[in-house]
Amino acid sequence: MDTFRGQSVLPPSSSPRRGEDYTSPPMAERAKGKPGWGIEGGEKSILIEGGTIVTVDDAGHVYNPGYVLSEGDRIVAVGAGEAPSALHARAGECIDASLMAVMPGMVNGHTHLFQTFIRGLADDKPLLDWLKAAIWPVAQALSEEEAYLAALLGFVENLRGGATAVVDHQYIHTDPHNDDGVCRAAEETGARFLLARGWTDMGYHPAFMESSDRIVEEMTRLHDAWHGRAEDRIRVEFGPLIPWGCSEATMRRTYALAQAWDVGVHIHVAETQEEVAINLEKRGNRHIEWLADLGILGPDVQLVHSVWLDDGELDLVAEHGAVVVHCPVSNMYLASGVARIREMRQRGIPVALATDGPGSNNNQDMLEVLKTTALLQKVATLDAMALLPEDVLWMACRGGAAAFGQPALIGSLEVGKSADLVLVDLDTPFAMPVHRAPSALVYNVSGGAVDTVIVDGEILMRDKRVLCVDEKALLAEARVACARLFERAGVVVD
Ligand SMILES: [Zn+2]
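Residues numbered from 1 in each chain as written. Predicted model: local features only at pLDDT ≥ 70, side-chain atom pairs only at ≥ 80, totals over all residues. Heavy atoms only, no water.

Right, let's talk about the pairing of strand β11 (residues 301–305) for a bit. Regular strands place side chains that alternate from one sheet face to the opposite one. Within β11, 5 of the 5 residues are buried, leaving the element largely enclosed by the surrounding structure. As paired strands, β11 and strand β12 (residues 323–326) are joined by 3 bridges and run parallel to one another. From the neighbouring strand, Gln-302 faces β12, where its bridge partner is Val-323. In this fold, the crossover linking β11 to β12 by way of helix α10 (residues 311–320) has right-handed handedness. (Buried < 20%, exposed > 50% of the residue type's maximum accessible area, 1.4 Å probe, protein only. Helix = DSSP H or I, 4+ residues; strand = E, 2+ residues; numbered from the N terminus. Pairing = 2+ DSSP bridges. Right-handed = clockwise from strand over helix to strand, strands pointing away.)

The terminal C-alpha atoms of helix α16 (residues 471–489) lie 26 Å apart, and with 19 residues this matches the ideal 27 Å at 1.5 Å per residue to within 8%. All buried positions along α16 are accounted for by Leu-474, Ala-478, Ala-481, Cys-482, Leu-485 and Phe-486. Angularly, the buried residues of α16 cover 135° about the axis, an arc narrow enough to put them on a single face. Facing away from the buried side of α16 by over 90 degrees, the exposed positions are Lys-472, Arg-479 and Glu-487. In this structure, the buried side of α16 is in contact with α2 (127–139) and α3 (144–160). Of the residues trailing α16, Gly-490 is marked for its positive phi of about 75°. (Expected span 1.5 Å × (residues − 1). Arc of directions from axis to C-beta. Contact = heavy atoms within 4.5 Å.)

Restricting attention to buried positions, one finds in helix α8 (residues 273–282) the residues Glu-275, Val-276 and Asn-279. Buried residues of α8, viewed axially, fall in a sector of 100°; they line one side. Those residues of α8 that are exposed and aimed more than 90 degrees away from the buried face are Gln-273 and Glu-281. Elements in contact with the buried residues of α8: α2 and α9 (287–294). Taken from the residues just after α8, Gly-284 is the one with a positive phi, measuring 80°.

To continue, consider the coordination of the zinc ion. Perfect tetrahedral coordination of a metal by four donors corresponds to 109.5 degrees between them, and perfect octahedral coordination by six donors corresponds to 90 or 180 degrees. Donor atoms from the polypeptide that bind the zinc ion are His-110 (NE2), His-112 (NE2), His-268 (NE2) and Asp-356 (OD), placed at 2.1 to 2.5 Å. Taken together, the 4 donor atoms surrounding the zinc ion define angles of 85 to 166° at the centre, an arrangement classified as irregular. Positions of the donor residues of the zinc ion, expressed as sequence spacing, correspond to H-x1-H-x155-H-x87-D. Of this pair, His-112 sits in the loop between β6 (106–111) and α2 while Asp-356 sits in the loop between β13 (351–353) and α13 (366–381), and the two are 244 residues apart along the sequence. A relative accessible area of 4% places His-112 in the buried class. You can call Asp-356 buried: its relative accessible area is 4%. (Donors = N, O, S within 2.8 Å, 3.2 Å for Na, K, Ca; no water. Tetrahedral: all angles 85-135°; square planar, octahedral: opposite > 155°, others 65-115°.)

In this structure, Phe-193, Leu-291 and Leu-303 are the most contacted members of the largest nonpolar core, which totals 128 residues. Looking at this core element by element, the count peaks at 10 residues for α3. Beyond its immediate chain neighbours, meaning those up to four positions away, Leu-303 contacts Ile-267, Val-269, Ile-288, Leu-291, Leu-297, Val-317, Ala-322, Val-323, Val-324 and Val-325. If you look at the next biggest cluster of nonpolar residues, it comprises 16 residues, including Ile-46, Ile-53, Tyr-63 and Ile-459. (Core = buried A, V, L, I, M, F, W, Y, C linked by side-chain atoms within 4.5 Å.)

This part covers the side chain of Arg-340. Summarising the element assignment, Arg-340 is placed in the loop between α11 (328–333) and α12 (341–346). A distance of 2.4 Å separates the side chain of Arg-340 from the side chain of Asp-311, its partner in a polar contact. Among the polar contacts made by the side chain of Arg-340, one reaches the side chain of Glu-343 at a distance of 2.8 Å. Residues contacting Arg-340, with those up to four places away along its chain left out, are Leu-309, Asp-310, Asp-311, Leu-314 and Gln-377. (Polar contact = N/O pair within 3.5 Å; in protein donor to acceptor, adjacent residues only side chain to side chain.)

Taken as a whole, the protein chain shows an average pLDDT of 91; of its residues, 91% reach a score of 70 or greater. Counting contacts from residues 1–41, a segment whose pLDDT is below 50, to residues more than four positions away or on other chains yields 97 contacts. (pLDDT = per-residue confidence, 0-100.)

If you walk through the whole model with that rule in mind, you get 30 salt bridges. Notably, a salt bridge pairs Asp-315 with Arg-347, separated by 2.9 Å at the nearest N-O pair. Within this pair, whereas Asp-315 is found in helix α10, its partner Arg-347 is found in the loop between α12 and β13, the two being separated by 32 residues in sequence. Look at the salt bridges and you will find they share partners, linking Arg-192, Glu-231, Arg-233, Asp-420 and Asp-456 into a network. (Salt bridge = Lys/Arg side-chain N within 4 Å of Asp/Glu carboxyl O.)

For the pair helix α4 (residues 178–189) and helix α5 (residues 212–226), the least separation of the axes is 11 Å and the interaxial angle reads 20°. The pairing of α4 with α5 is recorded here as roughly parallel in orientation. Seen from above, α4 lies across α5 with right-handed handedness. Packed against α4, whose contacting residues are Asp-179, Asp-180, Cys-183, Arg-184 and Glu-187, the element α5 presents Arg-221, Leu-222 and Trp-226 at the interface. Partitioned by chemical class, the residues of the contact of α4 with α5 number 3 nonpolar, no polar and 5 charged. (Axes fitted to C-alpha atoms, helices over the stretch in contact; angles between N-to-C directions. Parallel < 35°, antiparallel > 145°, perpendicular 65-115°, else oblique. Left-handed = near helix turned anticlockwise from the far one by under 90°. Nonpolar A, V, L, I, M, F, W, Y, C, P; charged D, E, K, R; others polar.)

Turning next to the pairing of β6. Most of β6 sits inside the fold, with 6 of its 6 residues counted as buried. Across 4 bridges, β6 lies against strand β7 (residues 163–170) in parallel orientation. Opposite Thr-111, over in β7, you have Asp-168 as the bridge partner.

Okay, structure coming up:
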């Protein structure tokens, strides 16, 4: 596995980005959407040109205008200006990105896809009350088919919000095949997917707890069935739910397996003060201290939330190299607190961004998360420069790639990386006039502006139309399934 550390984790905030002045490039003459297959070997090739290419590479290059050429599942050329004619000859399909930003597909570093069916059910509650009022009653009744439909809806939502890679912390095993349903949805949409198979073996709601043997047995089955499926777009890792729901014995046992399989560990930590107090009372240490004692704090570990970390814990995370996954909208929604993101970055801790489950957001719009990330740090630090747009894009793409465990594969528009791209329409009343594309992406636009989404060189969405599933039919089916689930769960919505 490539390590994120040793790379330039933090781009210099103040360094100027080249070619960022936004002027309207002439509309390309080439026909939009020309179908076809390009180069020898029958590999699909797509040339995107005319737009502002926000590469999120180490130097933060922005090309306005610029071009990107993909062949098969990889990016083979990125550059400034018009694409050379030789590249045109290689392209089977040309996409005119005039007045758009072309950016790497973002990584939604933490969500709970089943919660697409639960959003809006229990607004205005703190975490533990929210779990009891909304999440647990509905989740207990979830069937595999509903897990599949909720996930399908969630993947479409993620694509529309600019995320091409999704980490699902899936801990609802009321039906043993819920996880398979979620993986099936990932395979059908073509999204890149990391299933963090959740588990709890103590102190949690009894409906969701499992024995250590059962956890290992199911993880082994899922790893065999899904890890590496869909041209390696689907991967599986361990998802211990929460420190107060996980025994030390099973933490150690599953981490040994994770290391043997070369997969990661994904865990909620220090989301609320109350949870930190529980650990202090029962174990005598804070969440990060507990993980450090267990030896589970390396670059293969994703620490979701990390709101209530003290100075010593920040130092421990920096020293061991774990990735923090920041969920600002959810932290605000549940009144959990403000993670110390600026200080984490100053310490060199890689930080990824995420929506968290749509039950506590209430959507999965990563473009909205970008803006919230910047604003929350500004207001918490009273520093208008706490995070610049480039810093936020870096977290969503490069930090996300580190959290996803594939920093060499995704996260930037560079030759050799996977062709995971998003085209965002900047020719809208929300963004005009665009002076700097990174700023417009962070502060002006939301999911509605996403025009085209490409994963592994496959076009999943084009001209704001989802191509990978019948979206209207899915919405209708999900509406019916959701009502049936609520009825079975005995949940009455007023
Ligand atoms: Zn969560």
